[in-house]
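So the chains spell out like this:
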Amino acid sequence: MALKALDIYKLLPKKNCKECGVPTCLTFAMKLASGKADLDLCPYLDETARSMLGASTRPPIRKVKVGVGERSFTIGDETVFYRHEKTFYHQPGIVFSITDEMDEASIRAVVERVRDEKLTRVGADLVINGIAVVHTAADPAAYGRAVAVIEELADLPEVLITTDPVALEAALVLCGGFRPLIASATADNYQAFAALAKKYGCPLAISAPDLAAMKDLVGKVTAAGVENLVLDLAPASPGAFIVTSSLVRQQSLARTVPELGYPVLYNTCKSSSPDAAIVAGILKYAGVIVTAPLSKAETFAALTLRQNIYTDPQKPIQMNPGLYRIGSPGTDAPVLMTVNFSLTFFTLQGYLEGTRMPCFMLVVDTEGQSVLTAIAAGKLNETLVRDSIKKFDVESQVTHRKVIIPGYASPLSGAIEDASGWKVLVGPRDAAEIGEYLEKEWKA
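Here the structure is a predicted model, which means the values were calculated and not measured.

A word on the overall build of the protein
Within the protein, the secondary structure is distributed over 16 helices and 17 strands. Dimensions of the protein along its principal axes, counting C-alpha atoms only, are 75 × 65 × 35 Å. Taken across its 444 residues, the protein has 45% of its residues classed as buried. Within the protein, counting contacts between residues at least 6 apart in sequence, those at least 24 apart form 65% of the total. Charge-centre separation for the protein: the mean point of 45 positive side chains lies 7 Å from the mean point of 49 negative side chains.

With respect to the pairing of strand E3 (residues 93-99)
Extensive coverage of E3 is indicated by the burial of six of its seven residues. Pairing of E3 with strand E12 (residues 286-291) involves four bridges; the strand directions are parallel. Bridge pairing links isoleucine 94 to isoleucine 289 in E12. Sheet topology places E3 next to strand E6 (residues 130-134); five bridges connect them, and they run parallel. Residue phenylalanine 96 lies in a different strand from E6, and its bridge partner there is isoleucine 131.

Describing the pattern of salt bridges
Side chains that differ in charge, positive against negative, can pair when their charged atoms come close. Enumeration over the complete set of coordinates arrives at 12 salt bridges. One salt bridge in this structure joins lysine 118 and aspartate 125, with 3.5 Å as the shortest N-O distance. Residue classification places aspartate 125 among the partly exposed residues on the basis of a relative accessible area of 47%. The partner of arginine 386 in a salt bridge is aspartate 387, and the shortest N-O contact between them spans 3.0 Å. On the basis of relative accessibility, which here comes to 27%, the residue arginine 386 falls in the partly exposed class.

Structural notes on the sheet that holds E12
Ordered in space as E3-E6-E7-E8-E9-E10-E11-E12, the eight strands form a closed barrel in which the pairing is parallel. Sheet twist, expressed as the mean angle between neighbouring strand axes with direction ignored, is 25 degrees. Packed onto the sheet, helix H4 (residues 104-116) meets E3 and E6 and runs at close to 165 degrees relative to E3.

Side note on the state of the cysteines
What we call a disulfide is simply a covalent bond connecting the sulfur atoms of a pair of cysteines. A full pass over the atoms with the stated rule returns zero disulfides. Sulfur of cysteine 175: no disulfide; nearest cysteine sulfur belongs to cysteine 202 and is 7.1 Å away.

Remarks on helix H11 (residues 296-309)
Over its 14 residues, H11 runs 20 Å from end to end, which matches the ideal 20 Å to within 8%, given 1.5 Å per residue. When H11 is considered as a whole, its buried residues turn out to be Thr299, Ala302, Leu303, Arg306, Gln307 and Ile309. As for H11, its buried residues are in contact with E3, H4, strand E4 (119-121), strand E5 (124-126) and helix H10 (274-283).

Considering unusual backbone geometry
In this model, alanine 183 is joined to serine 184 through a cis peptide bond whose omega is -5 degrees. In this fold, serine 184 is placed in strand E8 (residues 181-185). Positioned with a positive phi, arginine 179 is a non-glycine residue whose angle comes to about 55 degrees. Examined against the element boundaries, arginine 179 turns out to sit in the loop between helix H6 (165-175) and E8. Arginine 179 sits in the partly exposed class, given a relative accessible area of 21%. The residue aspartate 393 is not glycine, and still its phi comes out positive at about 55 degrees. With respect to the element layout, aspartate 393 can be found in the loop between helix H14 (382-391) and strand E16 (402-405).

Here we look at the side chain of asparagine 340
Counting through the fold element by element, asparagine 340 comes out in the loop between strand E14 (335-339) and helix H12 (342-355). A relative accessible area of 0% places asparagine 340 in the buried class. For asparagine 340, the side chain forms a polar contact with the side chain of glutamine 318, separated by 3.4 Å. At 3.0 Å, the side chain of asparagine 340 and the backbone nitrogen of glycine 368 are in polar contact. The contacts of asparagine 340, once residues within four sequence positions are left out, are Ile317, Gln318, Met319, Pro321, Val363, Val364, Asp365, Thr366, Glu367, Gly368 and Gln369.

Digging into the environment of isoleucine 182
Along the chain, isoleucine 182 turns up in strand E8. Taking C-alpha positions, isoleucine 182 is 16 Å from glycine 76, a pair spaced 106 residues apart along the chain. Aside from chain neighbours lying at most four places away, what touches isoleucine 182 is Leu160, Leu168, Leu172, Phe193, Ala197, Cys202, Pro203, Leu204 and Ala205.

A closer look at the nonpolar core
Core analysis: the largest hydrophobic core is formed by 68 residues, its most contacted members being Ile131, Val133, Leu160, Leu204, Ile206, Val221 and Leu231. Here the element with the most residues in this core is helix H5 (residues 140-153); it accounts for six residues. Ignoring any residue separated from it by four or fewer positions in sequence, one finds valine 133 in contact with Ile98, Tyr143, Ala146, Val147, Ile150, Glu158, Val159, Leu160 and Ile161. Grouped together as the second largest cluster of nonpolar side chains are 23 residues, Leu323, Phe360, Leu362 and Val394 included.

Thresholds, definitions, all that
- Residues numbered from 1 in each chain as written.
- Predicted model: local features only at pLDDT ≥ 70, side-chain atom pairs only at ≥ 80, totals over all residues.
- Heavy atoms only, no water.
- Helix = DSSP H or I, 4+ residues; strand = E, 2+ residues; numbered from the N terminus.
- Buried < 20%, exposed > 50% of the residue type's maximum accessible area, 1.4 Å probe, protein only.
- Contact = heavy atoms within 4.5 Å.
- Lys, Arg positive; Asp, Glu negative; His and termini not counted.
- Charge placed at Lys NZ, Arg CZ, Asp CG, Glu CD.
- Pairing = 2+ DSSP bridges.
- Salt bridge = Lys/Arg side-chain N within 4 Å of Asp/Glu carboxyl O.
- Axes fitted to C-alpha atoms, helices over the stretch in contact; angles between N-to-C directions.
- Disulfide = S-S within 2.5 Å.
- Expected span 1.5 Å × (residues − 1).
- Polar contact = N/O pair within 3.5 Å; in protein donor to acceptor, adjacent residues only side chain to side chain.
- Core = buried A, V, L, I, M, F, W, Y, C linked by side-chain atoms within 4.5 Å.

Listed below in structure tokens is the structure:
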């Protein structure tokens, strides 16, 4: 179980040397208890205290990085069971699978799609994270040839799925320096796999028939010198994955079975219900999800779900306040005021782009709240609009002094006019009607 700050404080040397960068040992103990400081910062801990504190203060789920460079992704290091308790931090890496029996053209098509395809949603570019290479050919050299095609085309994280150490080394010779995830070591091959993972500095997935065997295998692999592990649960169905993954998460967070405190891999290619398996993986704690290449619609659905689940539920997605341009607006272009709630922003932006009328969007800071919520909370008021007009120098961009406000903000129209000196026009309540509104009502 995790120690409380006072328990940790009792084990510290209490030299008040400030070597760790915090004012007192008590402050350091509080930071250790909350996971905001590293035990290695204190140079005076004896080995007994370090051993006792190490298991208690390290993250309950180890952080593991897959790949290198811009497209690398980090998994693990989670702290809650339910996202409403705090938030989930490291979204699962979704990787498309290929096999070493596919022809080069087919491999290239999948790799180029993962490399180039993206969905831009609420200001973020959503992508599939990498490629899983499955060894199915009789010739181990074929595995290396498949990996070579990927290396030629893209700098993408890879998951190397094989049970053959010879095939694995043929691949690692080509990509081992780029930290692929090796999947998966078993009780039969873990010594060879652990040696290769250690040699190339790669994270290693391990697989066992049940959690008791998994715990035992973790001990053997870590004793062999490999610390960055991922648990391949190999469930029989999406339902089985939910049960097992939830149990791993619970025991990891409670530190009752610290040997299970690692991210989870879910290979959905083996499922008879792959769509359900992907959803289960996103919702229930998978760190890496392997899937056969999805259609574009299925891909975007999975990426959207992942983004929604890994958004902080206690913090609205918000845009930076400012003056945004739609097209190339001139000095007679309309100015439309809106709030910085991202869904409102992108909805209005989309409809304005559809009108093909150049204009300005004045985005005011309502702390990510929608129009109605911001008005009710007192976040959207005449003072904010007046100050935003001045702060973002709207007066220098247009010759007129007219601002269009959302229809739901109509009760503020008079107060905004008095505070800002600008004429206020009340726009429609539904953003879908903005094109018709501008065509009929806008005159500079």
